[in-house]
Amino acid sequence: MKKQYGRQLEETIDLAMRLYQLPSIVKEGHERFEHVNECDYFKKAAGTYLRGYLVFSTTYLIEKGAESELTFSKAIYLTENGTLQKYYSYAEWPYCENCKKSHPYIHREEAKDQTLTENELEKIEEFITNSFSLIK
């Protein structure tokens, strides 16, 4: 069910839904297609994977060590039913012995409070609009 975001943002979301490919949203694992077989994804009630496109995120460094770092993020995805969903995640950036480089291992959960601020909605609309320019 699509939420009411305001006419201009709704029209932008409608266009984005036709243009974006929506990958499955990682719940836990390596987000950037590294070791995909080790990932756990969010599932819908029907047992299929929840799909979405990242349209807004903020990341904060919590701890940085010599061999790894820990970050906290807020991410908002445009989901396949046209709604925006907010998630919080922690990412560890350990050195991976398999591929000999550091990459994020995500621990993500859906935010209990799905309220979006006016600033977030403006930035989402701006991001989507700017991405259309890149697609052309």
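See above for the structure.
My aim in this report is to walk through the structure given alongside it, one point at a time.

## Digging into the overall build of the chain
Tallying secondary structure elements over the chain gives two helices and eight strands in all. Counting from the amino terminus, helix and strand elements in the chain follow one another as α-β-β-β-β-β-β-β-β-α. Put simply, the chain has 136 residues, and 38% of those count as buried. When contacts within the chain are restricted to residue pairs at least 6 apart in sequence, those whose partners lie at least 24 apart make up 55%. Of the accessible surface of the chain, which amounts to about 8800 Å², a share of 50% is contributed by carbon and sulfur atoms.

## Side note on the nonpolar core
Counting residues in hydrophobic clusters, the biggest one holds 16 residues, and the most contacted among them are Val-55, Leu-84 and Ile-128. At the level of secondary structure, the elements contributing two or more residues to this core comprise α1 (7–19), β3 (52–64), β4 (69–79) and α2 (118–135). Of all the elements, α2 adds the most residues to this core, at four residues. Other than its neighbours up to four places away in sequence, Ile-128 contacts Thr-12, Ile-13, Ala-16, Tyr-20 and Val-55. Within the second largest apolar cluster, six residues are counted, among which are Ile-25, Phe-42, Leu-50 and Tyr-87.

## Side note on the packing of aromatic side chains
Throughout the structure, instances matching the rule amount to six aromatic pairs. On the numbers, 5.0 Å between centres and 50° between planes, the contact of Phe-42 with Tyr-87 is tilted. Taken as a pair, Phe-42 in the loop between β2 (40–41) and β3 and Tyr-87 in strand β5 (residues 84–92) lie far apart in primary sequence, 45 residues in all. Tyr-87 matches Phe-42 in its accessibility class, with the two residues each being buried. Pairing Tyr-77 with Tyr-87 gives two aromatic rings, centres 5.7 Å apart and planes at 85°, and the pair type is edge-to-face. Remark: Tyr-87 occurs in strand β5 and Tyr-77 occurs in strand β4; sequence separation between them is ten residues. The two residues Tyr-77 and Tyr-87 agree in class, both being buried. Joined through ring pairs, the aromatic side chains of Phe-42, Tyr-77 and Tyr-87 make up one cluster.

## A few points about the sheet that holds β3
Here we have six strands laid out as an open sheet, ordered β2-β1-β8-β5-β4-β3, and antiparallel in their pairing. Looking at the sheet topology across the chains shown, the edges are occupied by β2 and β3. Where β3 lies against β4, eleven bridges are found, and the strand directions are antiparallel. Residue pairing across strands places Gly-52 opposite Thr-79, the latter belonging to β4.

Conventions used here
- Residues numbered from 1 in each chain as written.
- Predicted model: local features only at pLDDT ≥ 70, side-chain atom pairs only at ≥ 80, totals over all residues.
- Heavy atoms only, no water.
- Helix = DSSP H or I, 4+ residues; strand = E, 2+ residues; numbered from the N terminus.
- Buried < 20%, exposed > 50% of the residue type's maximum accessible area, 1.4 Å probe, protein only.
- Contact = heavy atoms within 4.5 Å.
- Areas by Shrake-Rupley, 256 points an atom, 1.4 Å probe, with all protein chains shown as cover.
- Core = buried A, V, L, I, M, F, W, Y, C linked by side-chain atoms within 4.5 Å.
- Phe/Tyr/Trp six-rings, centres within 6.5 Å; stacked < 30°, edge-to-face > 60°.
- Pairing = 2+ DSSP bridges.

None of this, on its own, says anything about what the molecule does.
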